[in-house]
Amino acid sequence: DVQYTLKGTTSNGSFKLLASSVRSRITMDGVNITNPTGAAINIQSGKTIMVELADGTTNTLKDGTSYTMTTGEDQKGTFFSEGQLVFSGKGSLNVQSVGGHGIVSDDYVRMRNGSITVNSVRDGINTNDCFIMYGGVVTIAAQQDGLDIGKGYVEIGGGKLTVNAVDEGITASYEGDDAGNIDPLITPYIDVKGGLIKVVTTGEKGHAVRAMSTLSMTGGILQATAKGA
């Protein structure tokens, strides 16, 4: 319903979208954003955000080592959104995290097309509900979890996903709330239907692929290496 185009370079700026009642599209057209005090892109809207990586462009996002917080707002990573993030296009996106996670959605992340590279001091991609991938290329290097789904599932049907992580490589990690209460409607599963998945984890207790419910695989290729215990 509303379209934004981001281009150009800033070493001390950010793009922030406040709460909105409409869906939005962000076209990244050769943009380079560094925010030394927080997220490079901060979406405070719970609506779907379509992220288009313009054909042939390289786009770069980087956060800061510490965040200046705003009361009543989350800000958990270099690219943060309260709502769904849907990536498409034939460009590339480089996300560097030196303070928070790389890409964060308090809803879900869907990968349709494009190329995303994440280097993160914490989790590479962190979502609350799910991660869905049917195309494109995602490459993650993370000092904590590579791909962490808080309460939902992982579904991969195409594309290429490469993860190098210290802790969990790919995890659907829901084990209940802080009090140990488990919601029976939440099923933390991993479903692989296609694509190429390569996962390496180096942590002493790290799992390459970990589902708290079920792991099903009906297609694709999965190469998993655990170098810890």
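So, here's what we can say about the structure. Each chain has its residues counted from 1, following the order in which its sequence is written. Local features are withheld for residues below a pLDDT of 70 in this predicted model, meaning they are given only at 70 or higher, and side-chain atom pairs are given and counted only at 80 or more; totals for whole chains, interfaces and linings count all residues. The side-chain figures draw on all heavy atoms in the structure; neither hydrogens nor water molecules are used.

1. What about empty space enclosed by the protein?
Consideration 1: With a 1 Å grid spanning the protein atoms alone, the term cavity applies to any set of points in which a 1.4 Å probe fits but cannot get out, the term pocket to an open set with protein on both sides within 12 Å along at least five of seven lines, and the term lining residue to any residue with an atom within 4 Å of a point. Grid points are joined across faces, edges and corners, and a volume is the space filled by probe spheres set on the points. By the definition in use, this model includes 1 cavity of 30 Å³ or more.
Consideration 2: Volume-wise, the largest cavity comes out at about 30 Å³.
Consideration 3: Lining the largest cavity we find Val 154, Ile 156, Ile 170, Ile 190, Val 192, Ile 197, Val 209 and Leu 222.
Consideration 4: Secondary structure is summarised from DSSP: a helix means a run of H or I of at least four residues, a strand means a run of E of at least two, and numbering begins at the N terminus for each. Sorting the residues of the lining of the largest cavity by element identifies strand E16 (153-165) and strand E18 (190-201) as the ones contributing at least two each.
Consideration 5: At 3 residues, E18 tops the list of elements feeding residues into the lining of the largest cavity.
Consideration 6: Each residue gets one label: Ala, Val, Leu, Ile, Met, Phe, Trp, Tyr, Cys and Pro are nonpolar, Asp, Glu, Lys and Arg are charged, and the others, such as Gly, are polar. A breakdown of the residues in the lining of the largest cavity according to their chemical character gives 8 nonpolar, no polar and no charged.

2. With respect to the environment of Asp 148
Consideration 1: Counting through the fold element by element, Asp 148 comes out in strand E15 (residues 147-149).
Consideration 2: Residue Asp 148 is classed as buried on the basis of its relative accessible area, which comes to 10%.
Consideration 3: Taking the C-alpha atoms as reference, Asp 148 lies 25 Å from Leu 18; in sequence the two are 130 residues apart.
Consideration 4: Contacts: residue pairs with any heavy atoms within 4.5 Å of one another. In this structure, Asp 148 is in contact with Asp 123, Ile 125, Asn 126, Thr 127, Thr 171 and Ser 173, ignoring residues within four places of it in sequence. For every residue, the accessible area (1.4 Å probe, protein chains only) is compared with the maximum for its type, and the residue is labelled buried under 20%, exposed over 50%, or partly exposed between those bounds.

3. Describing the pattern of salt bridges
Consideration 1: Only one rule defines a salt bridge in this text: a Lys or Arg side-chain nitrogen within 4 Å of an Asp or Glu carboxyl oxygen. Taken as a whole, this structure holds 8 salt bridges when the rule is applied.
Consideration 2: A salt bridge links Asp 1 to Arg 23, with the nearest nitrogen and oxygen atoms 3.9 Å apart. You can see Asp 1 sitting in the segment before strand E1 (2-10) and its partner Arg 23 sitting in the loop between strand E2 (15-17) and strand E3 (24-34), a full 22 residues away along the chain.
Consideration 3: You can call Asp 1 exposed: its relative accessible area is 67%.
Consideration 4: In this structure, the salt-bridge partner of Arg 210 is Glu 168, at a minimum N-O distance of 3.6 Å.

4. What to know about the pairing of strand E7 (residues 77-81)
Remember that side chains alternate between the two faces of the sheet whenever the strand is regular.
Consideration 1: The buried fraction of E7 amounts to 5 of the 5 residues, a majority that puts the element mostly inside the structure.
Consideration 2: Sheet topology note: the strand E4 (residues 41-43)/E7 ladder contains 3 bridges and is parallel. Paired with Ile 43 across the two strands is Ser 81, which belongs to E7.
Consideration 3: The pairing of E7 with strand E10 (residues 101-105) spans 4 bridges and is classified as parallel. If you follow Ser 81 over to E10, its bridge partner there is Ser 105. Two strands qualify as a pair provided that DSSP identifies no fewer than 2 bridges between them.

5. Quick word on the sheet that holds strand E19 (residues 209-211)
Consideration 1: Across the sheet, which stays open at both edges, the 8 strands sit in the order E2-E4-E7-E10-E13-E15-E17-E19 with parallel pairing between neighbours. Looking at the sheet topology across the chains shown, the edges are occupied by E2 and E19. Strand-to-strand twist of the sheet, defined as the mean angle between neighbouring strand axes without regard to direction, takes the value 10°.
Consideration 2: By the bridge criterion, 3 bridges tie E10 to strand E13 (residues 125-127) in an arrangement that is parallel. Within the sheet, the bridge partner assigned to Ile 103 lies in E13 and is Ile 125. Interaxial angles span 0 to 180 degrees and are taken between N-to-C directions of axes, which are lines fitted to C-alpha atoms, for helices over the stretch in contact.

6. Focus: the environment of Phe 87
Consideration 1: Along the chain, Phe 87 turns up in strand E8 (residues 85-89).
Consideration 2: Phe 87 sits in the buried class, given a relative accessible area of 1%.
Consideration 3: Counting along the chain gives 85 residues from Phe 87 to Ala 172, while the straight-line C-alpha distance between them is 21 Å.
Consideration 4: Beyond its immediate stretch of four places on either side in the chain, Phe 87 contacts Val 51, Phe 79, Leu 93, Ile 103, Val 109, Arg 110, Met 111, Arg 112, Asn 113 and Ile 116.

7. Notes on the side chain of Thr 171
Consideration 1: Looking at the element boundaries, Thr 171 is found in strand E17 (residues 170-172).
Consideration 2: Its relative accessible area of 1% is what places Thr 171 among the buried residues.
Consideration 3: N or O atoms closer than or at 3.5 Å make up a polar contact, with two conditions inside protein: a donor-capable atom paired with an acceptor-capable one, and, for residues adjacent in sequence, both atoms drawn from side chains. Here the side chain of Thr 171 touches Arg 210 through a polar contact of 3.5 Å, landing on its backbone oxygen.
Consideration 4: Residues contacting Thr 171, with those up to four places away along its chain left out, are Asp 145, Leu 147, Asp 148, Ile 149 and Arg 210.

8. Let's talk about the packing of aromatic side chains
Consideration 1: Only Phe, Tyr and Trp rings are paired, with Trp represented by its six-membered ring, and only when their centres lie within 6.5 Å; those with planes under 30 degrees apart are stacked, over 60 edge-to-face, the remainder tilted. Using the criterion set out here, one finds 3 aromatic pairs in the structure.
Consideration 2: Pairing Phe 79 with Phe 87 gives two aromatic rings, centres 5.9 Å apart and planes at 75°, and the pair type is edge-to-face.
Consideration 3: Where Tyr 153 meets Tyr 189, the ring centres are 4.9 Å apart and the plane angle is 5°; that geometry is what we call stacked. Residue Tyr 153 is located in strand E16, and its partner Tyr 189 is located in the loop between E17 and E18; the two are separated by 36 residues in the primary sequence.

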